[in-house]
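# Summary of the model geometry
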Amino acid sequence: TAICFANGHPVTVFQEGEWMVVKATDTNDTLHFKTLGAIFGGALAKEAAASSITLQSGTVGDIYGGGYGFKNDDGSINYGDATGNPAINIEGGTVSNLLVAGGQYYARSREAEINVKNNVSVAYLFCGGYDEGKTGNTLETAFDDSNNRVLKTTVKMTGGTITGYI
């Protein structure tokens, strides 16, 4: 399965025949995937402007508003931070696993927005980031010290179904 990074560009995701298409709405660049495992609004291990991701049809495994960061063998960190406010709009289709307001692992965002409407299906909705306990964060970690964080997430759900949990 493929992983796609929007690198801060606003993108629309939709199914066209047997292909999942990711189209950057500011440049009209398109990518085609047989299977889209995950899409990130941000970048891989670098800072990027916040993106908007709109899913119109088809199935995506995971959608992250932010980026993806990692820790190097020498202990240094390459953050996948979003410099603005990520926005995710689910208008059609299915998110078969995670819908995450922020990024994965070493990724930081300030505010995020998730809108879900129409007859869609989302398995698991996370209002923060997703780090699986791999970044050293604990429940006592202060926000400014957190390696994976979202200050505030607004969720508006006017349709659809959460099949797992929030």
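The following paragraphs examine the structure supplied in this document. Here the structure is a predicted model, which means the values were calculated and not measured. (Residues numbered from 1 in each chain as written. Predicted model: local features only at pLDDT ≥ 70, side-chain atom pairs only at ≥ 80, totals over all residues. Heavy atoms only, no water.)

Another point: the sheet that holds strand 14 (residues 121-126). Neighbouring strands of a sheet are bound in pairs by backbone hydrogen bonds; such pairs are parallel or else antiparallel. Pairing is parallel across the open sheet formed by six strands, whose spatial order is 1-5-7-11-14-16. Strands with a single pairing partner mark the edges of an open sheet, and in this sheet they are strand 1 (2-5) and strand 16 (161-162). Pairing geometry for strand 5 (residues 36-40) and strand 7 (residues 59-64), over four bridges, is parallel. Across the sheet, the residue bridging to F40 is Y64, located in strand 7. (Pairing = 2+ DSSP bridges. Helix = DSSP H or I, 4+ residues; strand = E, 2+ residues; numbered from the N terminus.)

Right, let's get into the sheet that holds strand 12 (residues 104-105). Spatial strand order, 9-8-12: three strands in an open sheet with mixed pairing. Each edge of the open sheet carries a strand with a single partner, namely strand 9 (77-78) and strand 12. Taken together, the two bridges between strand 8 (residues 68-71) and strand 9 define a ladder with antiparallel strand orientation. When the sheet's bridge partners are listed, K71 is paired in strand 9 with I77.

Attention now goes to the pairing of strand 3 (residues 19-24). Note that strand 2 (residues 11-16) and strand 3 share six bridges and pair antiparallel. Across the sheet, residue Q15 finds its bridge partner in strand 3, namely M20. Where strand 2 hands over to strand 3, the hairpin turn is made up of two residues, of which G17 adopts a positive phi near 65°. With antiparallel pairing between neighbouring strands as the criterion, strand 3 and strand 4 (residues 30-33) make up a hairpin whose turn holds five residues, including N28 at a positive phi of roughly 65°.

With that settled, consider the environment of T161. Position of T161 among the secondary structure elements: in strand 16. Since its relative accessible area comes to 41%, T161 is described here as partly exposed. Note: C-alpha distance between T161 and A123 (38 residues apart in sequence) is 8.1 Å. When residues no more than four places from it in sequence are discounted, the contact partners of T161 are V120, S121 and V122. (Buried < 20%, exposed > 50% of the residue type's maximum accessible area, 1.4 Å probe, protein only. Contact = heavy atoms within 4.5 Å.)

Taken as a whole, this structure holds three salt bridges when the rule is applied. E132 serves as the salt-bridge partner of K134, at 3.9 Å between the closest nitrogen and oxygen. For E132, a relative accessible area of 42% puts it in the partly exposed group. (Salt bridge = Lys/Arg side-chain N within 4 Å of Asp/Glu carboxyl O.)

This paragraph deals with the nonpolar core. Judged by nonpolar contacts, the single largest core of 27 residues is most densely connected at V13, I39, I63, I90 and L99. Beyond its immediate chain neighbours, meaning those up to four positions away, L99 contacts I63, I88, I90, I114, V116, V122, Y124, L125 and F126. Ranked by size, the runner-up nonpolar core spans six residues in total, among them A38, F40, Y64 and L98. (Core = buried A, V, L, I, M, F, W, Y, C linked by side-chain atoms within 4.5 Å.)

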